[in-house]
2 protein chains.
Amino acid sequence: MNIRIGIFGYGNLGKGIENAIRQNPDMTLVAVFTRRDPKSLTIATEGVTVASADDVLAYKDKIDVMILCGGSATDLPVQTPMLAEHFSVIDSFDTHAKIPQHFAAVNEAAQKGKNTAMISVGWDPGMFSLNRMLSSAILPDGADYTFWGKGVSQGHSDAIRRIQGVVDAKQYTIPIEDALEAVRSGKAPALTTREKHLRECFVVAEDGADTARIEKEIKEMPNYFADYDTVVHFITLDELRRDHSGIPHGGFVIRSGKTGKDLENTHVIEYSLKLDSNPEFTASVIVAYARATARMHREGKVGCFTVFDIPPAYLSPKTSEELMAKLL
Amino acid sequence: MNIRIGIFGYGNLGKGIENAIRQNPDMTLVAVFTRRDPKSLTIATEGVTVASADDVLAYKDKIDVMILCGGSATDLPVQTPMLAEHFSVIDSFDTHAKIPQHFAAVNEAAQKGKNTAMISVGWDPGMFSLNRMLSSAILPDGADYTFWGKGVSQGHSDAIRRIQGVVDAKQYTIPIEDALEAVRSGKAPALTTREKHLRECFVVAEDGADTARIEKEIKEMPNYFADYDTVVHFITLDELRRDHSGIPHGGFVIRSGKTGKDLENTHVIEYSLKLDSNPEFTASVIVAYARATARMHREGKVGCFTVFDIPPAYLSPKTSEELMAKLL
């Protein structure tokens, strides 16, 4: 079976999707949709149409799954419901608190258009959610922990860039090793925000800027930094470009739980990711779930779904027989 | 929804199931079936029937899911198909090479009886299989590694006990740290059997036995030890009972894979388990999948399934709304 894919939005995630499609021979990239002038955009894959986002409905019968690559703040809440009425869609909506309302909007649109939609696919939400869910179902008496990093937080980097006198900045979220070890020991510790993660910032300041004032503003910034131990390094723009141009990320989902007649036995389940490129890994997860979306649509499963709803075999291009013989 | 469970076979796994049911308020243990004289068996849960395996068909309408707790060598190949004709069933069949033929036999019986069956549920096969499958679907260009331990291998312990002059023995399978680190680095090393695991044996010999001969026989035993570096310790029966009475286990499933235009980025996905009690954790996985089996049966899904086929949400007693709000 060949799955025809459309990419809606061509930033880091869209480029990651384009690369991932090349690694999956059962998928074909049909078109990339952009809100920019299509003529201004050169994409990596030869022979693929670049079209205006305004013309997307003309591709209704040419695309099996539309992959939305916009941001969660303003793009996806509008775009995913809009497109779900006309296409089977998948997105990586990651504002955890707003997932139920996004689900409801996408579900209504997908039902109306008799399409299949998946939201919040990636690694968190996504693979981390799946592991939190499975582990808590297996060990009902236990505690869950999610650690992020070491990796670049785009939101925190942006927050630093908004401070007066800052030219550019990169913020790394770093899980604290002692906290990880305490969790892995099965002791189920109560951990404060400060005990779980450290924030390390590399900041380029304007010539003559008051770096002491900038450092103070970073460390005292509410929500972003005030509740954490934060380390600030001032470096040159050349150093920032040379040493901090990547977008690595990762993290850990750990559940420890008890079993036995008197709950005397402890078990620790740990899932971890170490990613050179956050958007490329997110894209790889989305492409596997796009396969599942296409299959479910062919089976007539209409409406909105999450990673909790998808039989794992639907993610793989292998047959059930192959999976059973080789991977079970 | 209340799920009525039967336990077929009351060894370590059956006892683990009994404990796990107590941790899941939506489940009720109806009866334990034994091939021994039921009067000779006292179980941990008060008020639950202990019945003869011969009388199991009398419980046909009283049990939603029968959990089979026999061994994979001779019990399950006969018992699971036999019972799948009359009950929805779940087993932990773990002879990897024979899974396809076991599946076929159980599927035929379940189809005939219009029941729902699941085979090979536990942690390997089971959660490890699920992680191998998901990770290889997400990162198609990559390599898979499974390490077991540190933990007790019942089969290897039994093999040592069959040597002349051995009173008792316990064998630990230990993953080799250097190999784990090489895999975690994303280098995708080619590893021999000897490079992946070490085997450590604690042996109680008869008074006056030739321990040099016993050690040689262990280390040269084909299949079990010859391909590994093996360490043998001779200890007293008291020491064995004091220090080696537990049945811990665990292991690691790691996939490293590449993405990007020129496959220039490396990602590492790791799933690991650290278990105080192998049978109790296996039981906890089975009980969660028994919930899925009951739900699928109520939905009319007939035949044999594996962990690859089950939507993750089916394992949890929580509603989709709760899962979405709290765990996604």
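Structure's up top.
Calculation rules
- Residues numbered from 1 in each chain as written.
- Chains lettered and ligands numbered in written order.
- Predicted model: local features only at pLDDT ≥ 70, side-chain atom pairs only at ≥ 80, totals over all residues.
- Heavy atoms only, no water.
- Pairing = 2+ DSSP bridges.
- Helix = DSSP H or I, 4+ residues; strand = E, 2+ residues; numbered from the N terminus.
- Contact = heavy atoms within 4.5 Å.
- Axes fitted to C-alpha atoms, helices over the stretch in contact; angles between N-to-C directions.
- 1 Å grid on protein atoms, 1.4 Å probe; cavity = no way out; pocket = protein on both sides within 12 Å on 5 of 7 lines; lining within 4 Å.
- Points joined across faces, edges and corners; volume = space filled by probe spheres on them.
- Nonpolar A, V, L, I, M, F, W, Y, C, P; charged D, E, K, R; others polar.
- Buried < 20%, exposed > 50% of the residue type's maximum accessible area, 1.4 Å probe, protein only.
- Arc of directions from axis to C-beta.
- Buried area = accessible area lost by both parts, 1.4 Å probe.
- Salt bridge = Lys/Arg side-chain N within 4 Å of Asp/Glu carboxyl O.
- Polar contact = N/O pair within 3.5 Å; in protein donor to acceptor, adjacent residues only side chain to side chain.

Draft legend 1. Fine view of the sheet that holds strand β11 (residues 229-234) of chain A. Residues and elements named next belong to chain A. Pairing within the open sheet is mixed, and its four strands lie in the order β8-β9-β10-β11. If you trace the sheet from one side to the other, it starts and ends with β8 (151-152) and β11, each paired once. Relative to strand β9 (residues 166-175), β8 runs antiparallel, the two sharing two bridges. Paired with V152 across the strands is Y172, a residue of β9. Of the strands in this sheet, β8, β9 and β10 (197-205) touch helix α5 (residues 154-161), which is tilted by about 145 degrees from β9.

Draft legend 2. Summary view of empty space enclosed by the protein. For the coordinates displayed, the defined rule picks out one cavity of 30 Å³ or more. Within this model, the largest cavity holds a volume of roughly 30 Å³. Lining the largest cavity, in full, are M127, N131 and Y271 of chain A together with N131, L134, S135, I138 and I269 of chain B. Broken down by secondary-structure element, the contributors of at least two residues to the lining of the largest cavity are α4 (127-138) of chain A together with α4 (127-138) of chain B. Split by residue class, the lining of the largest cavity holds five nonpolar, three polar and no charged.

Draft legend 3. Here's a closer look at helix α5 (residues 154-161) of chain B. All names here are of chain B. Within α5, burial applies to H156, S157, A159 and I160. Angularly, the buried residues of α5 cover 160 degrees about the axis, an arc narrow enough to put them on a single face. Where α5 is buried, its residues contact β8 (151-152), β9 (166-175), β10 (197-205) and α8 (211-219).

Draft legend 4. Examining the interface of chain B and chain A more closely. Contact with chain B, which involves 68 residues of that partner, is made by 68 residues of chain A. Of the roughly 5,600 Å² buried between chain B and chain A on both sides combined, carbon and sulfur atoms contribute 63%. There are zero salt bridges connecting chain B and chain A. Here chain B and chain A share 29 residue pairs in polar contact (both at pLDDT 80 or more) between them. Secondary structure elements with two or more residues in the side of chain B that touches chain A: α1 (12-22), α3 (99-113), α4, β12 (249-259), β13 (265-275), α10 (278-298) and α11 (320-326) of chain B.

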